[in-house]
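# Fold and contact review
The lines below spell out each chain.
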Amino acid sequence: METKKVLLTGGLGYIGSHIVVSLSDPSSAIIADDCSNCDLKQIDRLKQVIPFEKNQVIVCDVADLEAFEEIFKKHKIETIIHLAGYKAVGESVKQPLAYYTNNLNATLNVLKMCNKYDVKHLIFSSSATVYGPQSSPMDESMTLLKTTNPYAETKAISERMIEDYCLVHPEFSATSLRYFNPVGAHPSGFIGEIPSGIPNNLLPYVQQVASGKRPYLNVFGKDYETKDGTAIRDYIHVMDLADAHVCILNNPKQGYRVYNVGTGVGTSVLDLVKAFEKATGVKIPTEVTHRRAGDLQESVANASKINKELGWKSRYSIEDICKDAWNFEKHQSN
Ligand code: UD1
């Protein structure tokens, strides 16, 4: 009988890859990914960091139940880390049905397989966006407000689906991790975020300005009620985020749990630009433009629950984040 496996749906992507390299036994990982937002070259990048075999990756669409079920027929899956899903907020507003179909079917299929193949443990990749527009710091006891886009809604509904499943499977262990803003890269420089096309997110855009791919950063709004007028976020190093998954993996507990994964520290757009310049010595030209539709003024975690209950705490500073992001960008350009 083969050893018990951890299945990562969407595991070849940005966050999944960093979780795989953080596992104490990366050979226990099976990745299911349809490569819609990554490519199989990611396997070679993983191999630069950990011992990893090509046959640990199964190219498959998690929303396709028949194809997805094949994995469970071949492997004894003990834990699923469910990351697969479309994730572009703007696109979700334009294509709501594609987002609801893909993201909700994927979660539904994950739960169906947990039920049929007696999977013991689930960790779900949720997002702080489920809180909706409310004031920071946000904590897990807050009532979720109406979300502002279909992407966020698929995360909120998925959380609810998992919670309802737990109610009738009291022996099951499930955790939704509400990510704040994952950024940065593995310190080796081999794996990191590879945006397709023009980056939507701040730090990947800054990286491309630094490498000369783009002339300057558009600062989306300088008229917020914050110390410097720019919006505030809780940027968390992707290695800290990966570590939170490992922490949950090592501390399974029956029932349903929700944790914020953030640093609890708010950083403005201009703070981040300054931190990047300080950490890398590269100047980032900026131009202030109008606010981006749908952006919150502030999104910062109260991260005390995961800290108190599991002892997890972020370790990387904003300068570490910028240094690692730049290191990765330089590796990519070479
Ligand atoms: C975005 C997603 C969110 C996701 C999160 C994960 C959107 C609208 N939201 O959140 O669902 O969970 O990433 O990391 O895509 N900014 C600029 N110039 C830029 C890019 C961004 O000034 O070129 C500003 C934004 O206005 C915002 C901040 O930087 O105030 C962070 O933006 P971003 O990195 O896109 O993250 P979020 O919008 O917080």
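Quick look at the structure, then. In this text the structure is predicted, and so the values were computed from the model without any measurement. (Residues numbered from 1 in each chain as written. Predicted model: local features only at pLDDT ≥ 70, side-chain atom pairs only at ≥ 80, totals over all residues. Heavy atoms only, no water.)

Attention shifts here to the pairing of strand β6 (residues 173–179). When a strand is regular, its side chains alternate between the sheet's two faces. β6 sits mainly inside the fold: 7 of its 7 residues count as buried. Side chains Ser 173, Thr 175, Leu 177 and Tyr 179 project from β6 onto one buried face, and the interleaved Ala 174, Ser 176 and Arg 178 project onto a second face that is buried too. A crossover connection joins strand β5 (residues 121–127) to the parallel β6 through helix α6 (residues 150–168); in handedness this β-α-β unit is right-handed. The pairing of β6 with strand β11 (residues 255–261) spans 7 bridges and is classified as parallel. Following the sheet pairing, Tyr 179 is matched in β11 by Val 261. (Buried < 20%, exposed > 50% of the residue type's maximum accessible area, 1.4 Å probe, protein only. Helix = DSSP H or I, 4+ residues; strand = E, 2+ residues; numbered from the N terminus. Right-handed = clockwise from strand over helix to strand, strands pointing away. Pairing = 2+ DSSP bridges.)

Near the ligand lie 19 residues; those nearest to it are Leu 202, Asn 218, Arg 233, Arg 292 and Asp 295. One nitrogen or oxygen atom from the main chain of Leu 202 is found 2.8 Å from an oxygen atom belonging to the ligand. One of the backbone nitrogen or oxygen atoms of Phe 220 is found 2.9 Å away from an oxygen atom of the ligand. Here the ligand has 730 Å² of accessible area as a free molecule, and 87% of this is covered by the chains. (Near = heavy atom within 4 Å. Polar contact = N/O pair within 3.5 Å; in protein donor to acceptor, adjacent residues only side chain to side chain. Areas by Shrake-Rupley, 256 points an atom, 1.4 Å probe, with all protein chains shown as cover.)

Here the focus is the packing of helix α5 (residues 96–116) against α6. Where α5 contacts α6, the two axes come as close as 9 Å, and the packing angle between them is 20°. Comparing their axes, α6 and α5 come out roughly parallel. Two packed elements cross with a definite hand, and for α5 against α6 that hand is right-handed. Residues Pro 96, Tyr 99, Tyr 100, Asn 103, Leu 104, Thr 107, Leu 108, Leu 111, Cys 114 and Asn 115 of α5 form the contact with α6, whose participating residues are Pro 150, Tyr 151, Glu 153, Thr 154, Ile 157, Ser 158, Met 161, Ile 162 and Tyr 165. Looking at side-chain class alone, the contact of α5 with α6 contains 13 nonpolar, 5 polar and 1 charged residues. (Axes fitted to C-alpha atoms, helices over the stretch in contact; angles between N-to-C directions. Parallel < 35°, antiparallel > 145°, perpendicular 65-115°, else oblique. Left-handed = near helix turned anticlockwise from the far one by under 90°. Contact = heavy atoms within 4.5 Å. Nonpolar A, V, L, I, M, F, W, Y, C, P; charged D, E, K, R; others polar.)

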